[in-house]
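# Commentary on secondary and tertiary structure
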Amino acid sequence: MSAGNIRSALDGLTVHDAMTKLICYLNWNASIQQAIRHTIKYKVNSVLILDDKGKAIGVVSKTNILGGYYVGLPVTAPLQAVMVVPPIFCHINDSLDSALDVMRQRNVHRLYVIEDQPGRVVGVLAYPDILGMLYRYCHRCDRSTLRMAGSGSATGKLSDYFRVRELMNPAFQVHREDESLLQVMDSISVHHSRTILITGYDDRPQGVVSITDLILAYMHGVSSGDCAKTIMRTPVLFCDYEEPLLLAVKKMIFFDLDSLYVCKDEPSNIVGIVTLADVARVRSGSCRACKLSRIDLND
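Residues numbered from 1 in each chain as written. Predicted model: local features only at pLDDT ≥ 70, side-chain atom pairs only at ≥ 80, totals over all residues. Heavy atoms only, no water.

## Description of the overall build of the protein chain
If you tally the helices and strands in the protein chain, you get 11 helices and 12 strands. With 299 residues in all, the protein chain has 48% of them scored as buried. A separation of at least 24 residues holds for 62% of the contacts in the protein chain among residues at least 6 apart in sequence. Of the roughly 14400 Å² of accessible surface on the protein chain, 50% is carried by carbon and sulfur atoms. (Helix = DSSP H or I, 4+ residues; strand = E, 2+ residues; numbered from the N terminus. Buried < 20%, exposed > 50% of the residue type's maximum accessible area, 1.4 Å probe, protein only. Contact = heavy atoms within 4.5 Å. Areas by Shrake-Rupley, 256 points an atom, 1.4 Å probe, with all protein chains shown as cover.)

Here's what the structure looks like:
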């Protein structure tokens, strides 16, 4: 594949090629607590909600669950209280590129996959599925960053590879470790973040609080007035500002993360964050040889 061959790594692939068949279902009258248990047990970010006839009528994501924690709903409350309707679907034979465009336009992190039979959900397509496919494609490519590094090739040949700095978002949310979980949830809600960086009194990074950490706190009865330090995860996982994007993708897959913080010069100097959605937008886990030219990174 030559550098002049401007195309997407997803060209010719369909939703069927990337989707996962693991679908978590719950009835509409199940409790929020049951939804939390499902998301944790099956390592998913949402649960499909069915009516009494088995028809898909809504979705409850971790973000929706967090809304219940924020307003003080008991975890025994029914899912109707936090459910979003209707689910957003794509067809199993849709191109992966078009499905990704729908996710981007609708600002959602997953689509439920249907076949020709009305109402029959056969899979889920989410950013981690697309990211995994991009990584496998780019790892096998003759122009792979990992292959070039392993062969001792000159770094000048890597000039057309995406670097983390090109895709990272310099805007990220920070809270002190003594601030409350309610304040952390405020930031997540306002800025649509999935993780919050937690710093100490010296403003150095100490840990991270994610949506998953918060809904677990919700399930275990942790007060929203407790400080962030009580549930934060350590250490802060990061990638380097100048690191090839493919290596950052590898870290996200290995550690099962939605995002990585980006440091420059030293680990304590956090300058941005890179997410699964950022990588998926360029349709490549590695270099500009696969860049889909109609996507503008500044959109």
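## Things to note about the sheet that holds strand β2 (residues 46-50)
The mixed open sheet is built from 3 strands, whose spatial order is β1-β2-β3. On the outer flanks of this sheet lie β1 (25-27) and β3 (56-61), each paired with one strand and no other. On average, each strand axis in the sheet is tilted by 35° relative to the strand beside it, whichever way the strands run. Across 3 bridges, β1 lies against β2 in parallel orientation. Bridge pairing links Leu26 to Ile49 in β2. (Pairing = 2+ DSSP bridges. Axes fitted to C-alpha atoms, helices over the stretch in contact; angles between N-to-C directions.)

## Observations regarding the nonpolar core
With 41 residues, the main nonpolar core has Val113, Leu125 and Ile130 as its most contacted residues. Of all the elements, helix α5 (residues 127-140) adds the most residues to this core, at 7 residues. Formed by 33 residues, the second largest nonpolar core is a distinct cluster that contains Cys24, Val44, Val82 and Ala217. (Core = buried A, V, L, I, M, F, W, Y, C linked by side-chain atoms within 4.5 Å.)

## Observations concerning α5
For α5, which comprises 14 residues, the first-to-last C-alpha distance of 20 Å matches the rise-based estimate of 20 Å (1.5 Å per residue) to within 8%. Those residues of α5 lying buried are Tyr127, Asp129, Ile130, Leu131, Gly132, Met133, Leu134, Tyr135 and Cys138. (Expected span 1.5 Å × (residues − 1).)

## A short note on the environment of Glu242
For Glu242, the location among the structural elements is in the loop between β10 (238-240) and α10 (245-255). It is 9.0 Å that separates the C-alpha atoms of Glu242 and Glu166, two residues lying 76 residues apart in sequence. Excluding anything up to four places from it in sequence, Glu242 contacts Arg163 and Arg165.

## Regarding the side chain of Asp278
Mapped onto the elements of the fold, Asp278 is located in helix α11 (residues 276-281). With relative accessibility at 15%, the residue Asp278 sits in the buried group. Here the side chain of Asp278 touches Thr275 through a polar contact of 2.8 Å, landing on its backbone nitrogen. Setting aside anything within four residues of it in sequence, one finds Asp278 in contact with Leu167 and Ile273. (Polar contact = N/O pair within 3.5 Å; in protein donor to acceptor, adjacent residues only side chain to side chain.)

## Topic: unusual backbone geometry
Cis peptide bonds are those with omega within 30 degrees of zero, and the linkage from Val85 to Pro86 qualifies with -15°. Tracing the backbone shows Pro86 in the loop between α3 (62-71) and β4 (89-91). Following Thr234, the chain continues into Pro235 via a peptide bond in cis, with omega recorded as -5°. Even without glycine at this site, Asp265 takes up a positive phi of about 75°. You can see Asp265 is positioned in the loop between β11 (259-264) and β12 (266-275).

## So, the pairing of strand β9 (residues 205-210)
As judged from the 5 bridges shared by strand β8 (residues 195-199) and β9, these two strands associate in the antiparallel manner. Each residue of the ladder has a partner; that of Thr195, found in β9, is Ser210. Where β8 folds back onto β9 in an antiparallel hairpin, the turn is made up of 5 residues, including Asp203, whose phi is positive at roughly 70°.

## Here's the deal with a nonpolar patch on the surface
The grouping of Tyr70, Val71 and Leu182 at the surface amounts to a nonpolar patch, some 260 Å² of accessible area in total. Summarising the element assignment, Leu182 is placed in helix α8 (residues 181-191). (Patch = residues over 30% accessible without salt bridge, like charges linked within 9 Å, V, L, I, M, F, W, Y side chains within 5 Å. Salt bridge = Lys/Arg side-chain N within 4 Å of Asp/Glu carboxyl O.)

## Here's the deal with the confidence of the model for the protein chain
Across the protein chain, the average pLDDT comes to 86, with 85% of residues at or above 70. Here residues 1-6 scores under 50 on pLDDT; set against residues more than four positions off or in separate chains, the count is 15 contacts. Considering only residues more than four positions removed or in separate chains, one finds that residues 291-299, a stretch of pLDDT under 50, has 24 contacts. (pLDDT = per-residue confidence, 0-100.)

## A word on the sheet that holds strand β6 (residues 121-126)
The strand order β4-β5-β6 describes an open sheet built from 3 strands, whose pairing is mixed. Each having just a single partner strand, β4 and β6 make up the two edges of the open sheet. Averaged over all adjacent pairs, the angle separating strand axes in this sheet is 35°, with direction ignored. As judged from the 3 bridges shared by β4 and strand β5 (residues 110-114), these two strands associate in the parallel manner. Residue pairing for β5: Phe89 is matched across the bridge by Tyr112.

## Looking at the pattern of salt bridges
Under the definition given, this model contains 6 salt bridges. Of the charged contacts in the structure, one is a salt bridge between Asp178 and Arg176, with a shortest N-O distance of 3.8 Å. In this structure Asp178 comes out as partly exposed when scored by relative accessible area, which is 39%. When its relative accessible area of 30% is taken as the criterion, Arg176 is described as partly exposed. Here Arg233 makes a salt bridge to Asp213, at a shortest N to O gap of 2.9 Å. One end of the pair, Arg233, is in the loop between α9 (211-219) and β10; the other, Asp213, is in helix α9, with 20 residues separating them in the sequence. Looking at Arg233, the relative accessible area reads 36%, which means it is partly exposed.

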